[in-house]
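Structure assessment
The primary structure of each chain is shown beneath.
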Amino acid sequence: MQLAMIGLGRMGGNMARRLMRAGHQVVARDIFPEAVQRLVADGATASSDLADMVKKLSKPRICWCMIAPGKPTEDTITELSTLLEPGDVIIDGGNTFFKDDIRRAKELEPKGIHYVDVGTSGGVWGLERGYCLMYGGPDDVCKMLDPIFAALAPGKGTISQTPSREGKNPTAEQGYLHCGPAGSGHFVKMVHNGIEYGLMQAYAEGFELFRAATAATQPDVAHFDLPLADIAEVWRRGSVIGSWLLDLIAMALARDEKLEGFEGHVADSGEGRWTLETAIEESVPMPVIAAALFTRFRSRQEGGTFAEKLLSAMRAGFGGHQEPK
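Treat the numbers as computed from the prediction; the structure is a model and nothing was measured.

As enumerated under the stated definition, the model contains 21 salt bridges in all. Residues lysine 56 and aspartate 52 are paired through a salt bridge, measuring 3.2 Å at the closest nitrogen-oxygen approach. Here aspartate 52 falls in the buried class, since its relative accessible area comes to 18%. Across the salt bridge formed by arginine 103 and glutamate 74, the nearest N and O atoms sit 2.9 Å from each other. Note that arginine 103 is positioned in helix H5 (residues 98-108) and glutamate 74 in helix H4 (residues 71-83), a separation of 29 residues in sequence. By relative accessible area, arginine 103 is classed as partly exposed at 29%.

On to unusual backbone geometry. Here the amide bond leading from lysine 59 into proline 60 is cis, since omega sits at -10 degrees, within 30 degrees of zero. Mapped onto the fold, proline 60 is located in the loop between helix H3 (50-55) and strand S4 (62-65). Residue leucine 259 is not a glycine yet carries a positive backbone phi of 55 degrees. When you line up the elements, leucine 259 lands in the loop between helix H12 (244-255) and helix H13 (271-282). By relative accessible area, leucine 259 is classed as buried at 1%. Backbone geometry at serine 283 places phi at a positive 55 degrees, although glycine is not the residue there. Structurally, serine 283 can be placed in the loop between H13 and helix H14 (287-299).

Quick look at the environment of alanine 279 now. Examined against the element boundaries, alanine 279 turns out to sit in helix H13. Among the residues examined, alanine 279 registers a relative accessible area of 7% and is labelled buried. Taking the C-alpha atoms as reference points, alanine 279 and valine 191, 88 residues apart in sequence, are found 9.8 Å from one another. Those residues in contact with alanine 279 that lie beyond four places of it in its chain are Val284 and Met286.

Calculation notes
Residues numbered from 1 in each chain as written. Predicted model: local features only at pLDDT ≥ 70, side-chain atom pairs only at ≥ 80, totals over all residues. Heavy atoms only, no water. Salt bridge = Lys/Arg side-chain N within 4 Å of Asp/Glu carboxyl O. Buried < 20%, exposed > 50% of the residue type's maximum accessible area, 1.4 Å probe, protein only. Helix = DSSP H or I, 4+ residues; strand = E, 2+ residues; numbered from the N terminus. Contact = heavy atoms within 4.5 Å.

Here you go:
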């Protein structure tokens, strides 16, 4: 299939490359010409602006946006809506608030332009590992886009089949899932990222306690010279708390057990806040995710604890997120 990829940053560029490896044709668009040229060198077709990009697409045109949420995405979709025709498709694969998806789908419907929201997880590792995709939109449009989703997703890999899944959606085992109408994909990804906050915080606090025990000087408290990198490694091997986040912790500690390359300034990209705002609207208690978000706020006021350095190390590991200078 042919599609346009708008935004060729940490994820968009590699997603386009993964699609091209699977035989899809990509028209590349980015505000930085050098990013477009790098992708052209890998086989993409260049475009100078959105209008030029649309002209180079065959009908029905498929335009996938991988740009910053908020005004950049809003402005791009608004301009696309003036360039596209009935039957064309706009996909937002960034981290957009699900209520904005619902609004956009309604605004585009009278023009006959289809809107699909895709929660995308995979970070900087997605080119080789694949991307976990959670998407919302019209059934027939999502079925038409299936070859694109299948190419981006990781596939079954070596993960064993979950017992009693007979009759369930088989694409979930491949790493991609149609969650429902517009907005549902980003809603699922929002909660995914809220859970991510809580998991990261629990790991960070545990290793903070290890480090405190290693540095303890009082005779009546735990005092062990603990090998933090080795603890992370042994937990990766059969532990009930094994995960990709733990893999990233083990890698970071193997490089530098003191994490001296991090200041402990932990940003949040919005999804944790939206998760809690939605939880308040629905009267759902989420104390763990709330505490994890507030810890990130505190880190930007003071920063510097070992736990917060570990949070930064995990964010750098999966998403390439860098602390501000």
